[in-house]
Amino acid sequence: MKGMHGIIFSYGEKPALGQLTACRVHGSLPFGGDYRVVDFVLSNMVNAGITDVGVIMHGKCQSMLDHLGTGKSWDLSRKSGGLKLLPAFAYGESRGVVGPFRGKMEALGSVVEYLRHIRQDHVVLSDSDLVTNIPLRDVLDAHMASGADMTCVCTSRPGSAGDTYFKLDAAGRIVDTAYDIRIPVGYQSLNIFLLSRELLLSLVEECMAHDRYSFRHNVLQEKDGTLHLNGYVWDGFAARINSVQDYYRYSMALLRPEIRAGLFCPQRPVYAKENDAASTYIDPDGECVNSLVSDGCDIQGSIRNCILFRGVKIEKGAHVEDSILFKDTVVRTGAALRCVIADKNVEFSHDVHMAGHANYPLVVEKNTKL
Amino acid sequence: MKKECIAMLLAGGQGSRLHVLTGDMAKPAVPFGGKFRIIDFPLSNCANSGIDTVGVLTQYRPLELNNYIGNGQPWELDRANGGVHVLPPYQSATGADWYKGTANAIYQNIGFIDLYDPDYVAVLSGDHIYKMDYSEMLRCHKAAGAACTISVMEVPWDEASRFGIMSVDSQDTITEFAEKPKEPKSNLASMGIYIFTWSKLRAYLIADEAKENSSNDFGKDIIPAMLAAGEKLVAYRFEGYWKDVGTLDSLWDANMDMLTPGSGLNLLDERWPIHGRTAICPPTYVGELADIGNSAVARGCEILGEVKNTVLSTGCHVGRGASVTYSVVMPGAIIEDGAVVSYAIVGENCRIGCRAAVGAPPETAADPGQWGIAVLGPRTCVADGETVPPKTMLDKTHGKEAAQ
């Protein structure tokens, strides 16, 4: 059938995220006051009319499993198709491999039976660490119009050295792919790839047969002569979250109206797991300035340049600046925070003072009582 | 599939005393408390009390309500057996009738109730704000072996004549019932929440339907008939927050109670959560020059001006230099730069133009008798610089319809 099928990769370690991913994969990292990072990828797919999505999982997937549930929140709880969770429980055993996937092709190989049953003509592959709001329908249109074998979404904005970079010719064809380069040049890959189901299957089967596992090496680099790989340049807000610094910088960018207007554009809403928290209450003595605030907070103290997730409590006389407080954080009277990222359910006791730096925010681990 | 107890929720009323707010929707669909609608309270009470089968009786303007209830998933009432069912009046071989009264609405759905063969039926109103454990009330009903248990609360004596008043003996068995008595003998007021033993209620509904002059109403007909026949009716004393939000003033009051510590209405209390259908929108942004105090703010808002003593619902905009005080602002309302809103109820998706003024504080009124809150019905558009005086009511036909 016409249309696209979504595949999301949810595995892997990002050591630079430190404590933030101590108990979760990066896709289930809370972001923007109400979301998990993976919500953006899922919403992009749903907003493009995608009804079937497979999530390939490995590693610390408990919080991701919890979050995704039946897929109801994204309207992906369907009689046929819908959201399918694809944990790699049996894969390692069957191949005698230990540890995480070595690359995307290996991850796809682990679910090759699933791929064979995809109903749609096209498949869009995406990482789960990307916060953006991209019209994937337009990517499909461009893919069809270009006649390319595969379309790779990329941005002219620079990323870090470890990212993948494309060199495009005047027609938008990818003529070179490079990674781990000292000074990045060209277009940074956003790791969204669109191709036909047939091509995907043949690539996966070929790689499996030769024990090749790397998408960027064994496909993007080795096939750019035989396959027509096209770049789709997306210069809207796109945050690939690789480190605590990335996380902090991109979170704080949400306080800028033009960033919010792009990321939360009403034509393509971002769906999140629904919650029943009542409205946030702001006390007569509370002060709340230049901040993004979710539901169910109780603000009696002062917050400035902050992002508050659900159910955060700021007591009278507490001061919080330039900080990100996850769900159910409590800041007691007299406490003062600056450039802090507090994971879920952290409590800052009376008169605790903590400060990081905008270039080096302080992360406080989940459930810590200070 | 047999159930011990099911609930029937009366949600058909127009709520004409809410005037312009209920032009296009039934009263239970009116937004409340920023994130909720009135019907979320009884539906959540059912879910929290373990009642998994609810019939919602609709009649007046049901579209908004049907749409909101959907499959009942927000209240965990999307069940394989039972769940929430919307029950409008229907046509049958012998004719077609609107619901003539509250009792007639249940009478017409005897077939629905019999499907579940319940021992007990709770009859609830769709226009009250309260948190109540019906399972506790059912336990008392069973222990007393009553035919009917009526939830009551003590009201101030000077207000008792506005309610249905119960006189009880030492065992809280009801000895007398008087609808809005001039000289009340008791201050126990009916909250309009009943649990009936279904076999009893079924018989009285059929008998009442056969009476020619009956108004087919629970308070006026069924309860007096049961008392007269010597059935055992028991009062169940409720202590806690309860408010009938059938009037504009009480709707405004109940919203303000959310902002008043000690009022008893604390929606942040998670022990008895109120569930609702959540709008898809990002967290609220509060701007550099915003000044917010003693207010409840739902998500999806953009607040650049002053918001004091106000309930601001999902997806509202308060522009630069705008001021909103002592008001209830319903979802999607836009208050442009420099507008002043005070002591007002602003309906869904209204647009209040730049520097417009809606409502005014009571102390500014020349004649306090003429003062009242200003009310804008859904999608009302107030032009730039226009003044809407206190106690005024406008609906969407005023000016042009606000752009969605």
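The model shown is predicted, which means the values in this text are computed figures rather than measured ones.

Each value, and the rule that gives it
Residues numbered from 1 in each chain as written. Chains lettered and ligands numbered in written order. Predicted model: local features only at pLDDT ≥ 70, side-chain atom pairs only at ≥ 80, totals over all residues. Heavy atoms only, no water. Helix = DSSP H or I, 4+ residues; strand = E, 2+ residues; numbered from the N terminus. Rg over C-alpha atoms; globule rule 2.2 N^0.38 Å. Contact = heavy atoms within 4.5 Å. Lys, Arg positive; Asp, Glu negative; His and termini not counted. Charge placed at Lys NZ, Arg CZ, Asp CG, Glu CD. Pairing = 2+ DSSP bridges. Buried area = accessible area lost by both parts, 1.4 Å probe. Salt bridge = Lys/Arg side-chain N within 4 Å of Asp/Glu carboxyl O. Buried < 20%, exposed > 50% of the residue type's maximum accessible area, 1.4 Å probe, protein only. pLDDT = per-residue confidence, 0-100. Axes fitted to C-alpha atoms, helices over the stretch in contact; angles between N-to-C directions. Left-handed = near helix turned anticlockwise from the far one by under 90°. Nonpolar A, V, L, I, M, F, W, Y, C, P; charged D, E, K, R; others polar. Core = buried A, V, L, I, M, F, W, Y, C linked by side-chain atoms within 4.5 Å. 1 Å grid on protein atoms, 1.4 Å probe; cavity = no way out; pocket = protein on both sides within 12 Å on 5 of 7 lines; lining within 4 Å. Points joined across faces, edges and corners; volume = space filled by probe spheres on them. Polar contact = N/O pair within 3.5 Å; in protein donor to acceptor, adjacent residues only side chain to side chain.

Trainee: Which residues make up the overall build of chain B, and what values do they have?
Mentor: Within chain B, the secondary structure is distributed over eight helices and 33 strands. Expected size for 404 residues packed as a compact globule is a radius of gyration near 22 Å; at 22 Å, chain B falls within 12% of this value. For chain B, the share of sequence-separated contacts (at least 6 apart) that also reach a separation of at least 24 residues comes to 58%. Side-chain charges of chain B comprise 34 positive and 48 negative groups, with the mean position of each set lying 2 Å from the other.

Trainee: Please give an account of the sheet that holds strand β33 (residues 393-394) of chain B that cites residues and values.
Mentor: The 11 strands lie next to each other as β26(A)-β23(A)-β20(A)-β17(A)-β14(A)-β18(B)-β21(B)-β24(B)-β27(B)-β30(B)-β33(B), forming an open sheet whose pairing is mixed. Every interior strand has two partners, whereas the edge strands, β26 (347-348) of chain A together with β33 of chain B, have only one. Pairing analysis gives three bridges linking strand β27 (residues 344-346) of chain B to strand β30 (residues 374-376) of chain B, with the strands arranged parallel. Within β30(B), the position partnered with I345(B) by the bridge is V375(B).

Trainee: Let's hear about the interface of chain B and chain A: which residues, and what values?
Mentor: At the interface, 32 residues of chain B touch 35 residues of chain A. Interface of chain B and chain A: buried area, both sides summed, is about 2600 Å²; carbon and sulfur atoms make up 50% of it. Counting the surface chain B buries against chain A, the share from its top three residues, L268(B), P283(B) and Y285(B), is 23%. Here chain B is connected to chain A by five salt bridges. In this structure, E288(B) engages R304(A) in a salt bridge whose closest nitrogen and oxygen atoms are separated by 3.9 Å.

Trainee: Can you tell me about the environment of L337(A), naming the residues and giving the values?
Mentor: All names here are of chain A. Assignment of secondary structure puts L337 in strand β24 (residues 336-338). Given the relative accessible area of 4%, L337 is considered buried. Sequence separation of L337 and H353 is 16 residues, and the distance between their C-alpha atoms is 5.9 Å.

Trainee: How would you summarise the confidence of the model for chain B if you had to cite specific residues and measurements?
Mentor: Low pLDDT marks stretches whose predicted atomic positions should not be read closely. Confidence in the prediction for chain B averages 92 pLDDT; 99% of positions are at 70 or higher. The ipTM value of the predicted complex is 0.90, and its pTM value is 0.91.

Trainee: I'd love a proper account of the pairing of strand β4 (residues 53-57) of chain B, names of residues and values included.
Mentor: All names here are of chain B. The buried fraction of β4 amounts to five of the five residues, a majority that puts the element mostly inside the structure. Side chains T53, G55 and L57 of β4 all project onto a buried face; the interleaved residues V54 and V56 project onto the opposite face, where all are buried too. Two strands pair when backbone bridges link them, and strand β1 (residues 5-10) and β4 are joined in this way by four bridges, in the parallel orientation. Each bridged residue has a counterpart across the sheet, and for L9 the counterpart in β4 is V56. Pairing of β4 with strand β5 (residues 83-87), which is carried by five bridges, proceeds in the parallel orientation. Within β5, the position partnered with G55 by the bridge is H85.

Trainee: With reference to specific residues and values, describe helix α8 (residues 248-257) of chain B.
Mentor: The buried fraction of α8(B) is high, at eight of 10 residues. Three or more residues of α8(B) are buried, namely L248(B), S250(B), L251(B), W252(B), A254(B), N255(B), M256(B) and D257(B).

Trainee: Describe the packing of helix α6 (residues 198-210) of chain B against helix α7 (residues 218-228) of chain B, naming the residues involved and giving the relevant values.
Mentor: When two helices pack together, their arrangement is captured by the angle between the axes and the distance separating the axes. All names here are of chain B. Two numbers describe how α6 lies on α7: the axes approach to 10 Å, and their chain directions differ by 115 degrees. At the point where α6 passes α7, the crossing takes the right-handed sense. Mapping the contact onto sequence places K200, L201, Y204, L205 and D208 in α6 and F218, D221, I222, A225 and M226 in α7. Per-class residue counts for the contact of α6 with α7 are seven nonpolar, no polar and three charged.

Trainee: Any details on the nonpolar core? Residues and values, ideally.
Mentor: Within the largest apolar cluster, 71 residues are counted, with the highest numbers of intra-cluster contacts made by F32(B), V54(B), L124(B), M132(B), I193(B), L251(B) and I345(B). Here the element with the most residues in this core is α8(B); it accounts for five residues. Ignoring anything within four residues of it in the chain, the contact list for L124(B) reads A7(B), M8(B), L9(B), L10(B), C46(B), Y130(B), Y134(B), G192(B) and I193(B). Judged by nonpolar contacts, the second largest core, of 51 residues, contains L337(A), V364(A), I292(B) and A322(B).

Trainee: Just give me the short version of empty space enclosed by the protein, but keep the residues and values in it.
Mentor: For the coordinates displayed, the defined rule picks out five cavities of 30 Å³ or more. Considering only enclosed or pocket space, the largest cavity measures out at about 60 Å³ in volume. Considering the residues around the largest cavity, the lining is formed by Y35(A), V270(A), Y271(A), A272(A), E274(A), T278(B), A279(B), I280(B), C281(B) and R299(B). Grouping the amino acids of the lining of the largest cavity by side-chain chemistry returns seven nonpolar, one polar and two charged.

Trainee: An account of the sheet that holds strand β28 (residues 362-364) of chain A is requested, with residue identities and associated values reported.
Mentor: Sheet strands pair by backbone hydrogen bonding; their relative direction is either parallel or antiparallel. The strand order across the open sheet formed by 11 strands is β28(A)-β25(A)-β22(A)-β19(A)-β16(A)-β16(B)-β19(B)-β22(B)-β25(B)-β28(B)-β31(B), and the pairing between neighbours is mixed. On the outer flanks of this sheet lie β28 of chain A together with β31 (381-382) of chain B, each paired with one strand and no other. In this structure, strand β16 (residues 291-293) of chain A lies alongside strand β16 (residues 284-286) of chain B, joined through three bridges in antiparallel fashion. Residue pairing in the sheet places V293(A) in a bridge with T284(B) of β16(B).

Trainee: Tell me what's going on with the pattern of salt bridges, and back it up with residues and numbers.
Mentor: Residue and element names in this part refer to chain B. One pass over the full model with this rule turns up 54 salt bridges over all chains. With a shortest N-O distance of 3.3 Å, K200 and E231 are connected by a salt bridge. Placement of the pair is K200 in helix α6 and E231 in the loop between α7 and β14 (233-237), with a sequence separation of 31 residues. The exposure class assigned to K200 is partly exposed, which follows from its relative accessible area of 33%. Given the relative accessible area of 18%, E231 is considered buried. For R351, the salt bridge is made with E336, and the minimal N-O distance between the two is 3.1 Å.

Trainee: A description of the layout of surface pockets should follow, citing residues and the corresponding values.
Mentor: Residues and elements named next belong to chain B. A volume near 1600 Å³ is recorded for the largest pocket. Lining of the largest pocket is provided by 48 residues; of these, R17, S125, D127, H128 and D244 occupy positions nearest its centre. Every element with two or more residues in the lining of the largest pocket is listed here: α3 (102-107), β10 (148-154), β12 (174-179), β13 (188-197), α7, β15 (242-244) and α8. By residue number, the principal contributor to the lining of the largest pocket is β13, which donates four residues. Residues that form the lining of the largest pocket fall into these classes: 15 nonpolar, 18 polar and 15 charged. For the second largest pocket, the calculated volume is near 1300 Å³.

Trainee: Lay out the environment of D114(B) with the relevant residues and their values.
Mentor: Residues and elements named next belong to chain B. Mapped onto the fold, D114 is located in helix α4 (residues 110-116). Its relative accessible area of 30% is what places D114 among the partly exposed residues. Between the C-alpha atom of D114 and that of M1, which follows or precedes it by 113 residues, the distance is 9.9 Å. The contact partners of D114, leaving out residues within four places of it in the chain, are W198 and R202. Within polar-contact distance, the side chain of D114 engages the side chain of W198 at 3.0 Å.

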